[in-house]
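# A look at the structure
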Amino acid sequence: ANGNPIAPGAVPKPFAPALLSSGSYLSSPLDSRTERCQWHRVVVHGALPAGTRVRVETFCADEPYDRDQLDGFATWAVREIAAGASDESEGRADCLVASAPGRYLWLRLTLLGNGLATPVVQALEIEFPRLTSLRYLPAVFAAEPTSADFTARFLALFDATLRNVERTVDTEARLFDPRSTPAARVGGAPVDFLTWLASWIGVRFDRSWSEAKRRQFLEHAGALLDRRGTLRGLREQLLILLGWHPPRACRNAQPRRVCGCRPLNCAPPPPEPRYTPPPLVLEHFRLRRWLLLGSARLGAQAVLWGSRIVNRSQLGANAKAGHTQLTMTPDPLHDPFRFHANRYTVFVPACYGRDDAARKALENLLRAETPAPARWNVEYVEPRMRIGVQSMIGFDAVVADLPEGARLGHLKLGNATLIAGAPAPAIRIGRRGRIGTGARLR
């Protein structure tokens, strides 16, 4: 310090940036649409660190004045909110409006800090009119205006607690809506309200899910209860998990002033684009290539079943080391039925396989929603087509235009690079029509 050695054990104070010690805000006139309205209280949502406070000043009148007139004759009623105010744990503090009744209210806030901390105001809530417990007392307590005002302000101390209870009852419905229920733990609660609400219908969230995904999953969980264990239900849950659920339709709700019939020569409106999510799930029984009487055709799409399905080793027939396998169960006669039964494959983008959290979330969902006798497999799809390896039309294959040729100094040789030659002529049936070599589909 100051060029001198620091004594052992002495720790210098850390440098703290100096913040502004004060700041003010003046609102525009707030209209209650009620003559001589008695405004009740101002609720400040935010945080008040130690050593900070908020000064609340109010002025009421029955006429809307501009700022110049306000500076001339306004009489401000002052209240202050400091750290340790009521409901500080919920980020809310309040003060009573001490101004005389008036239709319009002007609110002036002054934030006071100590240079190291500052108040944080996230929202302001103003309650009106003032409904105190004075209306339940005998009329003699409100006979004289000055005494009635004192009694009303005194009872407001107890009415604030009662109003908070009423607020909880009035807004109770939001606790049962997945889109508005709190997702953070309150106090020492073991779980948050969103997780507790999901337990009502047996839904368990994965730890890696974000809050938005948990809300969306719970919102659609009720409609999926009767589909659990089915292909449609599993596919809907996979679409929500992957974030591919179709968006909600947004329509213009503005009222129309003129309503008339469309002209007879008016063209029909264009159809709205319809979102079609990918299939995602392939059931293995669809891979059976069986010959059906009356509609069968011999070829690559139909085979007669036999030892080729499971590739069993048969002595004196097809047993060959390294090619056939020794399988005892089930019996060979049921191979055509059991080999593709109760099995399915899920096709998802390869990025979910590289992310450990996303991969575990996917596997946990498949493990929880798959029926007991079924077996599943996950194929992580790369964004390219590989004949014989990964080229299942409708799942992971895309027919697109050929890429541009590589230019030295611009592109690197790789999977999507093509050495360009002379421009190929258009495809001509019967003369030059070799797909993949000299023809382009346009």
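Above this text is the structure in question.
These numbers were taken from a predicted model, which means no experiment stands behind them.

### Re the overall build of the protein
Across its full length, the protein carries 8 helices and 11 strands. In the protein, which comprises 442 residues, the share counted as buried stands at 26%.

### Considerations on the environment of Phe128
Among the secondary structure elements, Phe128 is positioned in the loop between strand E8 (120-127) and helix H2 (145-170). Assessed through its relative accessible area of 39%, Phe128 is described here as partly exposed. A sequence separation of 88 residues divides Phe128 from His40, and the C-alpha atoms of the two residues are 5.0 Å apart. Residues within four places of Phe128 in sequence aside, it is in contact with Ser32, Cys37, Trp39 and His40.

### Here's the deal with a nonpolar patch on the surface
On the surface, Phe176, Val191, Trp196, Trp200, Ile201 and Leu225 cluster together to form a nonpolar patch covering roughly 550 Å² of accessible area. Looking at the element boundaries, Val191 is found in the loop between H2 and helix H3 (193-198). In this structure Val191 comes out as partly exposed when scored by relative accessible area, which is 37%.

### Some points on the side chain of Thr52
As for its position among the elements, Thr52 is in the loop between strand E3 (41-47) and strand E4 (53-61). Reaching out from Thr52, the side chain makes a polar contact with the backbone oxygen of Pro49 at a distance of 2.6 Å. What Thr52 contacts, discounting residues up to four positions off in sequence, is Ala82, Ala83, Leu112, Gly113, Ala117, Thr118 and Pro119.

### A short note on the environment of Arg174
Tracing the backbone shows Arg174 in the loop between H2 and H3. Excluding residues that lie within four positions of it along the chain, Arg174 makes contacts with Ser180, Thr181 and Pro182.

### Concerning the side chain of Gln237
Along the chain, the position of Gln237 falls in helix H5 (residues 231-242). Its relative accessible area of 4% is what places Gln237 among the buried residues. A polar contact of 3.3 Å, which involves the side chain of Gln237, links it to the side chain of Glu369. If sequence neighbours within four positions are ignored, Gln237 has contacts with Phe217, Leu224, Leu365 and Glu369.

### Quick look at the packing of H5 against helix H8 (residues 356-369)
Between H5 and H8, the shortest axis-to-axis distance is 11 Å and the interhelical angle comes to 160 degrees. Judged on the interaxial angle alone, H8 and H5 are roughly antiparallel. Between H5 and H8 lies a crossing of right-handed hand. On H8, the residues that touch Leu234, Gln237, Leu238 and Leu241 of H5 are Ala361, Leu362, Leu365, Leu366 and Glu369. Considered class by class, the residues forming the contact of H5 with H8 number 7 nonpolar, 1 polar and 1 charged.

### Some points on the nonpolar core
Ranked by internal contacts, the top residues of the largest apolar core, which has 28 residues, are Phe205, Leu238, Val346, Leu362 and Leu366. Taken together, the elements giving at least two residues each to this core come down to H3, helix H4 (211-224), H5, strand E10 (343-349) and H8. By residue number, the principal contributor to this core is H5, which donates 6 residues. With 15 residues, the next largest nonpolar core counts Val44, Ile81, Ala93 and Leu105 among its residues.

### So, the environment of Leu194
Looking at the secondary structure, you find Leu194 in helix H3. Separated by 21 residues in sequence, Leu194 and Arg215 have C-alpha atoms that sit 7.7 Å apart.

### What to know about the packing of aromatic side chains
By the definition in use, this model includes 13 aromatic pairs. Centre to centre, the rings of Phe59 and Trp106 are 5.6 Å apart; their planes meet at 35 degrees, and the pair counts as tilted. Pair noted here: Phe59 is in strand E4 and Trp106 is in strand E7 (residues 104-112), with a separation of 47 residues, a long-range link. A relative accessible area of 10% means that Phe59 is categorised as buried. For Trp106, a relative accessible area of 2% translates into the label buried. Arranged with centres 5.0 Å apart and planes meeting at 75 degrees, the rings of Phe193 and Trp196 form a pair that is edge-to-face. Of the two residues, Phe193 and Trp196 both sit in helix H3, 3 residues apart, roughly one turn of that helix. Here a set of aromatic residues connected by ring pairs shows up, and it is made of Phe59, Tyr65, Phe73, Trp76, Tyr104 and Trp106. The ring of Trp76 carries Arg108 above its face, with NZ or CZ at 4.2 Å from the centroid.

### Things to note about the pattern of salt bridges
Within this structure, the stated rule accounts for 15 salt bridges. Of the charged contacts in the structure, one is a salt bridge between Arg286 and Glu283, with a shortest N-O distance of 3.7 Å. Its relative accessible area of 54% is what places Arg286 among the exposed residues. Taking relative accessible area as the criterion, Glu283 reaches 23% and is therefore assigned partly exposed. A salt bridge links Asp356 to Arg359; the nearest nitrogen and oxygen atoms lie 3.3 Å apart. Here Asp356 and its partner Arg359 are both found in helix H8, 3 residues apart, which amounts to about one turn of the helix. What you see here is one network of salt bridges that share partners, running through Asp31, Glu35 and Arg103.

### What about H8?
Residues spaced three or four apart along an α-helix point in a common direction, a consequence of the helix completing one turn every 3.6 residues. With 14 residues, H8 should cover 20 Å at 1.5 Å per step; its first-to-last C-alpha distance of 20 Å lies within 8% of that length. Of all the residues in H8, the buried ones are Ala361, Leu362, Leu365, Leu366 and Glu369. For H8, the angular spread of the buried residues around the axis is 130 degrees, confining them to a single face. Contact partners of the buried residues in H8: H4, H5, E10 and strand E11 (375-381). By the N-cap criterion, in which a side-chain oxygen at the helix start approaches the backbone nitrogen of a residue two or three places on, H8 is capped by Asp355, the distance to Ala357 being 3.3 Å.

What counts, and where the lines are drawn
- Residues numbered from 1 in each chain as written.
- Predicted model: local features only at pLDDT ≥ 70, side-chain atom pairs only at ≥ 80, totals over all residues.
- Heavy atoms only, no water.
- Helix = DSSP H or I, 4+ residues; strand = E, 2+ residues; numbered from the N terminus.
- Buried < 20%, exposed > 50% of the residue type's maximum accessible area, 1.4 Å probe, protein only.
- Contact = heavy atoms within 4.5 Å.
- Patch = residues over 30% accessible without salt bridge, like charges linked within 9 Å, V, L, I, M, F, W, Y side chains within 5 Å.
- Areas by Shrake-Rupley, 256 points an atom, 1.4 Å probe, with all protein chains shown as cover.
- Salt bridge = Lys/Arg side-chain N within 4 Å of Asp/Glu carboxyl O.
- Polar contact = N/O pair within 3.5 Å; in protein donor to acceptor, adjacent residues only side chain to side chain.
- Axes fitted to C-alpha atoms, helices over the stretch in contact; angles between N-to-C directions.
- Parallel < 35°, antiparallel > 145°, perpendicular 65-115°, else oblique.
- Left-handed = near helix turned anticlockwise from the far one by under 90°.
- Nonpolar A, V, L, I, M, F, W, Y, C, P; charged D, E, K, R; others polar.
- Core = buried A, V, L, I, M, F, W, Y, C linked by side-chain atoms within 4.5 Å.
- Phe/Tyr/Trp six-rings, centres within 6.5 Å; stacked < 30°, edge-to-face > 60°.
- Lys NZ or Arg CZ within 6 Å of the ring centre and 35° of its normal.
- Expected span 1.5 Å × (residues − 1).
- Arc of directions from axis to C-beta.

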